[in-house]
Every structure is written in C-alpha cells, then in structure tokens.
Amino acid sequence: MAEKVAMLIAKLLVTGACFWYVSRQIDLNQVLSAIPLLDFRWAAFAILVAALEIPLSGLRWYNIVRSLAARDMRATRTAMIAATAVGVFFAQVLPSVVGDGVRAWLLVRLGSSWHNAVTSAVIDRGVGVGLMIALGFVVLLLPSGLTALGGYRDVVLVVYGALILAGALGLLVAPKIVLPLTRWRYSRWFATLATDVHRVLFGSKGPVILSIACLIHALTIGIVWSVGRAQGLALPLSDAAILFTVMIGIVLVPISIGGWGLRELAVVSLLAPHGVAAERALLFSVCFGLALAIGSLPGALAWLLYPFAPARPSAERAG
C-alpha cells in the first residue's frame, strides 16, 4: 500500500513539474483571454465523438469476452458497454490501470470468473495499444512537417518498429512456446495468456475486434482535428494523426497522472517550431484532455444508475 501511495505522489510531482515548466514559457493572461474565442460548437463535437467511442470500446471488449468463450448470460452488450463507460470514467481521474481493474471487477459481478475478466481486460488494452503503435509507425512516414518530432523521429520509428516486430513474432510463435511454458509454475500464466491472445486475434471475432479498434483510433484523430478547429487551427488530417500519435503515446508512459502535464509539455515542444505560440499549444492540449474527460462523464451516470448486481449462483438460477 505504501508503495502505491508513493508511486501516486511521484506521478503527481511529475505532472506538477511539467505544468510548472510549461508555465514558465507562457503568458497565462493570453491563455485565459483565448478561451472566450474558442468555437464551442467544434469543442462540443469533439466531446460528442469522445462519448461515442465508449460504446465502441464496450463492443470491442464484448467480442473479446465472447472469443474467450467466457460470456455469461447477464454480460450482455448493454452491460459491458456500461462497465466500459465506468472504467473509462475512472481512467480519466485515476491511473488507467485502475479503470481496467474497475471494469474487470464489474464483469465479475456480472457472472464472469476473475481469470476471464482480467484476461479480457488485458487483451482489450493490448489490442488498443498495439494498433496505436502500428498506426503511429505508419503516420510518422507521412509527408508532414510535424513528423520530425523535434529530431526524435528516427528514434521513435526504431522503437515502434521493434515493438511491432516483437509483437508479430510473439503471435506467430505463441502456439509453439505454450507447452514448454506450462511446465514451469511462474511462466504458466504467460502461457495461458498467449493462448488466449492467439484465440482472440485469430478467431472468428478477430477481424471485428481489430476493425472496431481501428475505428476508435480514427475517431480520436477526429477529436484532435475538431479541437484544432475550435481554436481556429486548420490542421490537415496528417498533422492531426501525428498529434494523436504523440498525445496518446504520452499516456502510455506511466510517469504522470493520465499523461497530464507530460502531454502538454510534448505538444508545446512539438508545435513551437511550426509557428504555434506556446499559449495556443497549451490550450490545445488541455482542451483535448478536457474533451476526453467530459466525454467520459456518462460513465459516472452508469456507475450511479446501472444495476451491477452480483450474479446469483448457478444453482439458484437453475432453481
């Protein structure tokens, strides 16, 4: 418990330090004066798209659970969308692992076993991250001034390429390494996970799961573009895709709270060489984060109103 508290405090310090560093480069009065100039119609559209991503995420998770042959009668599409909404909401105010833990717990309350609930949540998260890395690799090859990434483009391409290669090789050799791994107690869990991942991605639901994940990422790029329009930034879709790669990729670095602060520092550093004032870049990044946060509010209603009652024992249901 003490270690978790210390880690949370460390993340808060990193978030605060990043905002402090950015604040030294901006005029806060200019940021505040730019807020009334926002086109709130585009901002509202971005929030709407963020909210629409939640049922899509729920459907992706639903198909993963079905692929694992772990679907309980009560784990309907509606129930899993509601659980996803709750998880997304918690992930906006707490570390993302908490959001995944909450939705796994809710799935258990709907009748699933802990093993299947946790495994499905891990695979769901892995599918989203894996496709984001693959999309990011492709995006960084596009002809755009932003792809330079302040001189770090080649490094990011190498890292992303290595991760993609490792993931592809892992999927290909998974069936061959499962049996040896099951012989050792401490690697047995990895063997089971590898088998489940292979079953999900290469099963009949695999194309649906991957298609939904791609659509979610495309909608997130739309959110980036809409937030830019709200500020009067005419971003080409290629630039919006690069900003998506940076801002979502930052969230994967677990050293700040939900990527806050670190994301703002990255966006300001990325846009400054291209003539975007630090104040506008900061407001852009904050508005993107707020669009996702406000779009997650339906999860709070689902947490309060949806009846996630514990599943009755099988004998009781049969009776």
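Scroll up to find the structure this text is about.
Residues numbered from 1 in each chain as written. Predicted model: local features only at pLDDT ≥ 70, side-chain atom pairs only at ≥ 80, totals over all residues. Heavy atoms only, no water.

1. Some remarks on helix H4 (residues 77-93)
Working step 1: Helix length check: H4 (17 residues) gives 25 Å between terminal C-alpha atoms against 24 Å at 1.5 Å per residue, within 8%.
Working step 2: Within H4 the residues assigned to the buried category are Ala79, Met80, Ala82, Ala83, Thr84, Ala85, Val86, Gly87, Phe89, Phe90 and Ala91.
Working step 3: Summarising the contacts, the buried residues of H4 are in contact with helix H3 (40-67), helix H5 (96-109) and helix H13 (298-305). (Helix = DSSP H or I, 4+ residues; strand = E, 2+ residues; numbered from the N terminus. Expected span 1.5 Å × (residues − 1). Buried < 20%, exposed > 50% of the residue type's maximum accessible area, 1.4 Å probe, protein only. Contact = heavy atoms within 4.5 Å.)

2. Quick word on the environment of Pro143
Working step 1: Among the structural elements, Pro143 can be located in the loop between helix H6 (114-139) and helix H7 (153-181).
Working step 2: Judged by relative accessible area, which is 77%, Pro143 ranks as exposed.
Working step 3: On a C-alpha basis, the gap between Pro143 and Cys214 in space is 21 Å, while along the polypeptide they are 71 residues apart.

3. Looking at the nonpolar core
Working step 1: In terms of nonpolar packing, the biggest core is built from 44 residues, with Ile223, Val224, Leu243, Met247, Leu271, Phe284 and Phe288 touching the most fellow members.
Working step 2: Going through the elements one at a time, helix H1 (2-23), H3, H6, helix H9 (206-230), helix H10 (237-251), helix H11 (262-271) and helix H12 (278-295) are the ones with two or more residues in this core.
Working step 3: Contact partners of Leu243, with chain neighbours within four places excluded, come to Leu146, Val224, Leu235, Leu270, Leu271 and Phe284.
Working step 4: Counting 24 residues, the second largest nonpolar core, distinct from the first, contains Trp61, Ala79, Ala82 and Ala300. (Core = buried A, V, L, I, M, F, W, Y, C linked by side-chain atoms within 4.5 Å.)

4. A closer look at the side chain of Ser285
Working step 1: Position of Ser285 relative to the elements: it lies in helix H12.
Working step 2: The class for Ser285 is buried, based on a relative accessible area of 0%.
Working step 3: Excluding anything up to four places from it in sequence, Ser285 contacts Met247, Arg263, Glu264 and Val267.

5. Focus: H13
Working step 1: Turning to H13, its buried residues are Gly299, Ala300 and Ala302. For H13, the angular spread of buried residues about the axis comes to 160°, placing them on one side. Exposed and facing more than 90 degrees away from the buried side of H13 are Leu301, Leu304 and Leu305.
Working step 2: If you follow the buried residues of H13, they end up packed against H4. (Arc of directions from axis to C-beta.)

6. A few points about the packing of H4 against H5
Working step 1: Contact geometry of H4 with H5 gives a least axis separation of 7 Å together with a crossing angle of 155°. One way to sum up the angle between H4 and H5 is to call them roughly antiparallel. Helix-helix and strand crossings are classified by hand; for H4 and H5 the assignment is right-handed. Where H4 approaches H5, its residues Met80, Ala83, Val86, Gly87, Phe90 and Ala91 are matched on the opposing element by Ser96, Gly99, Val102, Arg103, Leu106 and Leu107.
Working step 2: Residue composition of the contact of H4 with H5, by class: 8 nonpolar, 3 polar and 1 charged. (Axes fitted to C-alpha atoms, helices over the stretch in contact; angles between N-to-C directions. Parallel < 35°, antiparallel > 145°, perpendicular 65-115°, else oblique. Left-handed = near helix turned anticlockwise from the far one by under 90°. Nonpolar A, V, L, I, M, F, W, Y, C, P; charged D, E, K, R; others polar.)

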